[in-house]
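Geometric and topological summary
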Amino acid sequence: MPWGVTSMAQSEGSPVIELSQVSYGYDGRALLNDLSLTLSPGSFHFLTGPSGAGKTTLLKLCYLELAPTQGRVTAFGKPADQLGRDGIAQVRRRVGVVHQDCGFLDHLPLIENLTLPLAASGQDTAEFAEDLRALLAWVGLEQRATALPPELSGGERQRAALARALILSPDVILADEPTGNVDWEMSLRLLSLLVELNKMGKAVLIATHDLNLIRQAKSQVAARVLRLRGGQLDVAGADL
Amino acid sequence: MTRLRQLASLLKGDPSADRIVPPTGFTAQLTVFTAAAMAFLGVFALALSLATARLADRWGQALAQSSTIRISAPADQRQAQTDAVLRILSETPGVASSRALSDAEQRALLAPWFGPELPVETLPIPQLVEVIEEGRGYDAEGLRLRLQAEAPGAVVDDHTRWRRPLIRAAERLNLLALGALTLIVLTMAAMITLAASTALAANRQVMTVLRLVGARDIFIARAFVRRFTLRASMGAAIGTALAVLFIALMPRADAAGGFLTDLAFSGAGWLLPLLIVPLAAFIAFWATRHAALRALKEIP
Ligand SMILES: Nc1ncnc2c1ncn2[C@@H]1O[C@H](COP(=O)(O)OP(=O)(O)OP(=O)(O)O)[C@@H](O)[C@H]1O
Ligand SMILES: [Mg+2]
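Values in this document were obtained by computation on a predicted structure and should not be read as measured data. (Residues numbered from 1 in each chain as written. Chains lettered and ligands numbered in written order. Predicted model: local features only at pLDDT ≥ 70, side-chain atom pairs only at ≥ 80, totals over all residues. Heavy atoms only, no water.)

1. Observations regarding the overall build of chain A
What counts is decided by this rule: Each helix is a run of H or I in the DSSP string that is no shorter than four residues. Each strand is a run of E no shorter than two, and both are numbered from the N terminus. Note on method: radius of gyration uses C-alpha positions; expected globular size equals 2.2 Å times residues raised to 0.38. A 1.4 Å probe rolled over the protein chains alone gives each residue an accessible area, and that area as a share of the maximum for its type sets the label: buried under 20%, exposed over 50%, partly exposed in between. Contact definition: two residues touch when any of their heavy atoms are within 4.5 Å. Shrake-Rupley sampling with a 1.4 Å probe provides the accessible areas, and residues are treated as covered by the protein chains on show and by no other component. Positive charges come from Lys and Arg alone, negative charges from Asp and Glu alone, with His and the N- and C-terminal ends not counted. A single reference atom marks each charge: NZ on Lys, CZ on Arg, CG on Asp, CD on Glu.
A tally of helices and strands in chain A yields eight helices and eleven strands. A compact globule built from 240 residues would reach a C-alpha radius of gyration of about 18 Å, and chain A, at 17 Å, matches this within 12%. With the principal axes as the frame, chain A shows a C-alpha extent of 50 × 40 × 35 Å. Taken over 240 residues, chain A has a buried fraction of 56%. The long-range fraction of contacts in chain A, counting pairs at least 24 apart against all pairs at least 6 apart in sequence, stands at 73%. Accessible area for chain A stands at about 10,200 Å²; split by element, carbon and sulfur atoms hold 48% of it. For chain A, the distance from the average site of its 22 positive side-chain charges to the average site of its 26 negative ones is 4 Å.

Written out as structure tokens, the structure reads:
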């Protein structure tokens, strides 16, 4: 049955991102079917499911890269289809996304890729120098600041992508396989960063296959685990 | 006004926004070349349009002055035909005034050839009628036909009339030059649109990433617009400078040299080509902006 997942005790205030009865399919092939999801401030979600189930697609619906074929997406209280292009840009500044393919500009050194959200929103990069240094240190990339993205390892790119997602101190963090290419120790480090931010009230949604990571997180926060299968979302069983 | 301010802030620049788009090497060079070539041609079209306007004006003035009607008739009909000619002329549109030359005036006219002692009265010298025209002049063929009927001895001597088709040609040439200028402007817009579209298509990934990190369309467009506006201005400046130099160094002859050596600017007219550079900048600004905003519509 379709599962309308709503955040429970941890929700504080009105939802930041809301998908209600959303369907989506590429080229007319149904992929997501009539599913609902509410991300509230302070909520922590994991999104699992087999490869090709549509996890990345679901995230794209959340940050308005895709528009649903049916149903409604609401971002910060406003229906997405009424936002207009500038409104969508505003929403994205409040949503930190770790893309599965990282999404860097290969001709810019890492540091400039990280400050891209600042430049794009017209902010003075210099003001964020301190934050930037701290972020780089946390993800262990201080030494690689001037490297070009193609010169980085897969894991380094993922860490950098997480750093970029956080630079604007977003209200929502959507991470697509953020630990797919990093060792266990680094995974825990990144997770603790996300947990820390979650405790500050940010909504976090992580798409991952890594069951160990989910278990680890559940010992730290009240995380809900959603499983995407056959176009539907359900809450994963107690085995996690 | 806001557009102008946008253009100004654009040229002042934001180097960090500039770096966001990778160098567009080849298309950028094409833009410089196109702008230079178009500005070069533009200066010539401008010079041509000014020269032809001057020419049409000068010839037009000469023509507007006067023409002559000769009346050769037997002595007994001479006065009657002269009166008829004057009456017809007074009814002809395009004729401001007309008068028969007195004997003294005719003698003065002929004096250079036959000396002052010429007995005009006894010689079969035609009576001359001076016609002052107005506006675009009279219809020579119509007048000739009327005179034939009522004053068979009268001959319209339209010695300046041969210039009329030339004036028309000069006017046509002027129109052509203005048309060429318009085409140059449109071609420049089209070429810059093409170059910008190529650059935009090659940078789809860049635009996608920028959109995803929350850049507004105008921010992304500006990075491209600035680049192409600068390139086009630079090219136009080079092309204009070369063309002006070329024209300035063209051998001069006096008025008799006529049209060919007249292809130049005069006085403050030399400042006119300077307008081509901001015009090119403006064209590039609009063309790139338009192309960029359109390309961005395809990106979520
Ligand atoms: N742009 C696209 N055009 C057409 N089909 C697509 C497109 N993007 C994804 N798909 C298809 O949609 C399905 C879901 O893709 P999606 O990337 O959402 O899966 P996923 O759950 O993230 O998988 P993974 O765990 O491998 O990352 C896949 O079958 C994929 O081939
Ligand atoms: Mg995926």
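2. Topic: the packing of helix H9 (residues 217–248) of chain B against helix H10 (residues 276–296) of chain B
All names here are of chain B. The condition that has to hold: Note on geometry: axes are C-alpha line fits, over the in-contact stretch for helices, and angles between N-to-C directions span 0 to 180 degrees. Put simply, angles under 35 degrees are roughly parallel, angles over 145 are roughly antiparallel, angles from 65 to 115 are roughly perpendicular, and the rest are oblique. By convention, the crossing between two helices is left-handed when the near helix turns anticlockwise from the far helix through less than a right angle, and right-handed when the turn is clockwise.
It is at 7 Å that the axes of H9 and H10 come closest, and there the two elements cross at 150 degrees. Between H9 and H10, the crossing angle belongs to the class labelled roughly antiparallel. You can see that H9 and H10 cross each other, and the crossing is right-handed.

3. Things to note about the site of ligand 1
Residues and elements named next belong to chain A. Note the threshold: The nearness test applies per residue and asks whether one of its heavy atoms lies within 4 Å of the molecule or strand. Within 3.5 Å is the distance limit for a polar contact, defined as a pair of N or O atoms, with the added protein rule that one can donate a hydrogen and the other accept it, and that residues adjacent in sequence qualify only through two side-chain atoms. By the convention adopted, Pro, Cys, Tyr, Trp, Phe, Met, Ile, Leu, Val and Ala count as nonpolar, Lys, Arg, Asp and Glu as charged, and the other residues, Gly among them, as polar.
With respect to spatial proximity, 13 residues lie near ligand 1, and among them Ser51, Gly52, Lys55, Thr56 and Thr57 are the closest. Glycine 52 is positioned such that a nitrogen or oxygen atom in its backbone is 2.8 Å from an oxygen atom of ligand 1. Measuring from an oxygen atom of ligand 1, one finds a side-chain N or O atom of histidine 209 at 3.2 Å. About the coverage of ligand 1: the protein hides 63% of its 640 Å² of free accessible area. In terms of residue count, helix H1 (residues 55–62) provides more of the shell around ligand 1 than any other element does, three residues in total. Here the shell around ligand 1 is composed, by residue class, of four nonpolar, seven polar and two charged.

4. Remarks on the nonpolar core
All names here are of chain A. Quick reminder of the rule: Take the buried residues of types Ala, Val, Leu, Ile, Met, Phe, Trp, Tyr and Cys, join any two whose side-chain atoms come within 4.5 Å, and each joined set is a nonpolar core.
Counting 44 residues, the largest nonpolar core has Phe44, Phe46, Leu114, Leu162, Leu166, Leu191 and Ile206 as its most contacted members. Of all elements in the fold, only strand E4 (44–48), helix H3 (110–114), helix H5 (129–138), helix H6 (154–166), strand E8 (172–176), helix H7 (184–199), strand E9 (203–207) and helix H8 (211–218) reach the threshold of two or more residues within this core. No other element matches H7, which puts seven residues into this core. Non-local contacts of leucine 166, meaning those with residues more than four positions away in its chain, are made with Leu135, Ile173, Leu193 and Leu197. Leu47, Leu59, Tyr63 and Ala75 belong to the second-largest nonpolar core, a separate cluster that totals 36 residues.

5. Comments concerning the sheet that holds strand E4 (residues 154–157) of chain B
What links the strands of a sheet is backbone hydrogen bonding, and the strands pair in either a parallel or an antiparallel sense. All names here are of chain B. The following threshold applies: When DSSP locates at least two bridges between a pair of strands, those strands are taken to pair.
Taken together, four strands build an open sheet; the order of strands is E2-E3-E1-E4 and the sheet is antiparallel. Lying at the two open borders of the sheet, with one neighbouring strand each, are strand E2 (95–100) and E4. The mean angle between the axes of side-by-side strands here comes to 20 degrees, regardless of whether they run parallel or antiparallel. As defined by bridge partners, strand E1 (residues 66–71) adjoins E4 across four bridges and the pair is classed as antiparallel. Pairing of isoleucine 71 across the sheet is with alanine 154, part of E4. Seen against the sheet, helix H6 (residues 140–150) touches E1 and E4 and runs at an angle of roughly 165 degrees to E4.

6. Some words on the coordination of the magnesium ion (ligand 2)
Residues and elements named next belong to chain A. Under the convention used in this document: Excluding water, the donors of a metal are its N, O and S neighbours within 2.8 Å, or within 3.2 Å for Na, K and Ca, and that exclusion means sites may look incomplete.
For the magnesium ion (ligand 2), the full set of protein donor atoms is Thr56 (OG1) and Gln100 (OE1), and the range of their distances to it is 1.9 to 2.3 Å. Here glutamine 100 lies in the loop between strand E7 (95–98) and H3 and threonine 56 lies in helix H1, a separation of 44 residues in the sequence. Overall, the relative accessible area of 24% leaves threonine 56 in the partly exposed class.

7. A closer look at the pattern of salt bridges
Residue and element names in this part refer to chain B. The following threshold applies: By definition, a salt bridge exists where a carboxyl oxygen of Asp or Glu is found within 4 Å of a side-chain nitrogen of Lys or Arg.
The tally for this structure, following the rule as stated, stands at twelve salt bridges over all chains. Here arginine 87 and glutamate 150 are joined by a salt bridge, their closest N and O atoms 3.1 Å apart. Placement of the pair is arginine 87 in helix H4 (residues 75–91) and glutamate 150 in helix H6, with a sequence separation of 63 residues. Classification of arginine 87 as partly exposed rests on a relative accessible area of 39%.

8. Notes on the packing of aromatic side chains
Here is the rule: Each Phe, Tyr or Trp ring, with Trp reduced to its six-membered ring, pairs with another whose centre is within 6.5 Å; inter-plane angles below 30 degrees give stacked pairs, above 60 give edge-to-face pairs, and intermediate values give tilted ones. Definition used: whenever NZ (Lys) or CZ (Arg) falls within 6 Å of the ring centre and also within 35 degrees of the ring normal, the charge is taken to sit over that ring.
Scanning the entire structure with this criterion turns up seven aromatic pairs over all chains. For the pair Phe44(A) and Phe46(A), a centre-to-centre distance of 5.4 Å together with 50 degrees between the ring planes defines the contact as tilted. You'll find Phe44(A) and Phe46(A) in the same group, each marked buried. One aromatic cluster in this structure is built from Phe40(B), Phe44(B) and Phe246(B). The ring of Trp138(A) carries Arg189(A) above its face, with NZ or CZ at 4.8 Å from the centroid.

9. Here we look at the domain arrangement of chain A
Residue and element names in this part refer to chain A. What counts is decided by this rule: Note that the domain bounds reflect an automated or database-derived domain assignment. When two parts are put together, the accessible area they lose, computed with a 1.4 Å probe and summed over both, is reported as buried area.
Looking at the assigned domains, one finds that chain A contains domain 1 (15–94 + 170–240) and domain 2 (107–169). Distance from the C-alpha centre of domain 1 to the C-alpha centre of domain 2: 22 Å. Between domain 1 and domain 2, the residue contacts involve 18 residues of the former and 14 residues of the latter. Together, Arg93, Pro170 and Leu193 form the three largest contributors to the area buried by domain 1 at its contact with domain 2, with a combined 37%. Our count for the domain 1 to domain 2 interface comes out at zero salt bridges. Joining domain 1 to domain 2, the criterion identifies six residue pairs in polar contact (both at pLDDT 80 or more). The element contributing the most residues to the side of domain 1 that touches domain 2 is H7, with seven residues. Each residue belonging to the side of domain 1 that touches domain 2 can be placed in one class, and the counts come to nine nonpolar, four polar and five charged.

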